[in-house]
Amino acid sequence: MDYAQEETVAAAGMPQLDFSVWPNQIFWLLIALGAIYFILTRIALPRISGVLSERNGTIANDIAQAEELRLKAKAAEEAYTQALADARSESSRIAEAARAEIQKDLDAAIAHADAEIAARTAESEARIAEIHAGAAESVREVAHEAARAIVGALGGRAADDALAQAVDQRVKG
């Protein structure tokens, strides 16, 4: 480039606004957008949707199991109610000593059934909470990996701490 060309470029202002180089800039913009689109549609988004669908299936199965346990608990409660009614009708015909013995057995059965129902319900709730937390953590991991891949594909480098903080901020809000 000779001195006259340098003066022409300097007089033109910002090189980005020089209309003679716009076709080149537009070409590279389209190449970059195409690369980002390809990375997102072929790599990042399928991974994220696969993890999310797997987690949704697991959560749906656990919810179905919890519903089944709830129905069993309801049936146990109905059986308990029926047993209580039977015990009351029987207790009217039996002497006071026998009535006290039946009540002890009934109370023990009720406590056992209540304890079993409470234990199963607590176990199901704990599993659902664990699956939910695992799904949230998996989403964070996949988002972190996707962000790292995108930044790497664009030729940039970002610290893991900065990526993790940005992903956490996006996932929370």
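Note that residues are indexed from 1 along each chain, following the sequence as it is written. In keeping with the predicted nature of the model, local features appear solely for residues at pLDDT of at least 70, side-chain atom pairs appear and are counted solely at 80 or more, and the whole-chain, interface and lining totals rest on all residues. Values shown for side chains rest on all heavy atoms present in the structure; no hydrogens or waters enter the calculation.

Moving on, we come to the UniProt feature "coiled-coil region" (unreviewed entry) in the protein. UniProt positions are given in the numbering used here, feature names are shortened, and annotations may be inferred rather than shown by experiment. Look at the UniProt record and you will see "coiled-coil region" (unreviewed entry) annotated at residues 59-86. A run of H or I in DSSP counts as a helix once it spans at least four residues, and a run of E counts as a strand once it spans at least two, with each numbered from the N terminus. The distance from the first to the last C-alpha atom of residues 59-86 is 40 Å, and the span holds 100% helix and 0% strand.

Positionally, R88 belongs in helix α2 (residues 22-91). With relative accessibility at 57%, the residue R88 sits in the exposed group. Distance in space between the C-alpha atoms of R88 and V171 is 57 Å, their sequence separation being 83 residues. The rule is simple: take the accessible area with a 1.4 Å probe, protein chains only, and divide by the maximum for that residue type; under 20% is buried, over 50% is exposed, in between is partly exposed.

Across the interface, α2 lies against helix α3 (residues 96-153) with an axial gap of 10 Å and an inter-helix angle of 175 degrees. Viewed along their axes, α2 and α3 adopt a mutual orientation that is roughly antiparallel. In this count, Pro and Cys sit with the nonpolar residues alongside Ala, Val, Leu, Ile, Met, Phe, Trp and Tyr, while Asp, Glu, Lys and Arg are called charged and the others, Gly among them, polar. Per-class residue counts for the contact of α2 with α3 are 26 nonpolar, 6 polar and 7 charged. Only C-alpha atoms enter the line fits that serve as axes; for helices the fit covers just the stretch in contact. Angles between N-to-C directions range over 0 to 180 degrees. Oblique is the label for every angle not falling under 35 degrees (roughly parallel), over 145 degrees (roughly antiparallel), or within 65 to 115 degrees (roughly perpendicular).

This brings us to the pattern of salt bridges. Note on definitions: salt bridges are taken to be side-chain nitrogens of Lys or Arg within 4 Å of carboxyl oxygens of Asp or Glu. By the definition in use, this model includes 7 salt bridges. With its nearest N and O atoms 3.1 Å apart, the salt bridge here joins R120 to E116. Of this pair, R120 and E116 both sit in helix α3, 4 residues apart, which is roughly one turn of the helix. A salt bridge links E123 to R127; its shortest N-O distance comes to 3.5 Å. Pair noted here: E123 and R127 are both in helix α3, with a separation of 4 residues, about one helical turn.

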